[in-house]
Amino acid sequence: MEIDIVPYHSSWKTEFLESGRRTRGALGDAVARIYHIGSTSVEGLAAKPIIDIQISVRSWDDFEHMVH
């Protein structure tokens, strides 16, 4: 398997912000915080061009029904 590492791209921050906005819109007040994590979150760092996102929720009870 090949892993592509590319130079830092300033659009990664914008992509994260847009994904975070859509996620918060879908999940509403259940979301406590949305973080941009991983190598694309480090300005200037070459990375795999995949935006990693961590979502912290206020209560697991709001999401337990989604796990199968």
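Quick caveat, the model's predicted, so the values are computed rather than measured. In this numbering scheme, every chain counts its residues from 1 along its sequence in written order. Only residues with pLDDT of at least 70 are given local features in this predicted model, and only at 80 or more are side-chain atom pairs given and counted; all residues enter the totals for whole chains, interfaces and linings. Only hydrogens and water are set aside when side-chain values are computed; all heavy atoms of the structure are taken into account.

Side note on the nonpolar core
Definition used in this section: a nonpolar core is a set of buried Ala, Val, Leu, Ile, Met, Phe, Trp, Tyr and Cys residues joined via side-chain atoms within 4.5 Å. Burial status follows relative accessibility: with a 1.4 Å probe on protein chains alone, a residue under 20% of its type maximum counts as buried, one over 50% as exposed, and anything between as partly exposed. Residues Trp 12, Phe 16, Val 31, Ile 34, Ala 47 and Ile 51 constitute the largest nonpolar core, which totals 6 residues. Secondary structure elements with two or more residues in this core: helix H1 (11-27) and strand E1 (31-37). Contacts were defined at the residue level, with two residues in contact if any of their heavy atoms lie within 4.5 Å. Setting aside residues up to four positions removed in sequence, Trp 12 forms contacts with Val 6, Pro 7, His 36, Thr 40, Leu 45, Ala 47, Pro 49 and Ile 51. Going along the chain from the N terminus, every DSSP run of H or I of four or more residues is numbered as a helix, and every run of E of two or more is numbered as a strand.

With respect to the pattern of salt bridges
The salt bridge criterion pairs a side-chain nitrogen of Lys or Arg with a carboxyl oxygen of Asp or Glu, the two atoms within 4 Å. This structure, assessed with the given rule, holds 2 salt bridges. The partner of Glu 18 in a salt bridge is Arg 21, with the nearest N and O atoms 2.5 Å apart. Of this pair, Glu 18 and Arg 21 both sit in helix H1, 3 residues apart, which is roughly one turn of the helix. The exposure class assigned to Arg 21 is exposed, which follows from its relative accessible area of 52%. Among the ionic pairs, Arg 22 bridges to Glu 18, the shortest N-O distance being 3.6 Å. Linking Arg 22 with Glu 18, this pair stays in helix H1, spanning 4 residues, or about one helical turn. Under the relative-accessibility criterion, Arg 22 is labelled partly exposed at 47%. On the basis of relative accessibility, which here comes to 32%, the residue Glu 18 falls in the partly exposed class. Overlapping salt bridges bring together Glu 18, Arg 21 and Arg 22 as one network.

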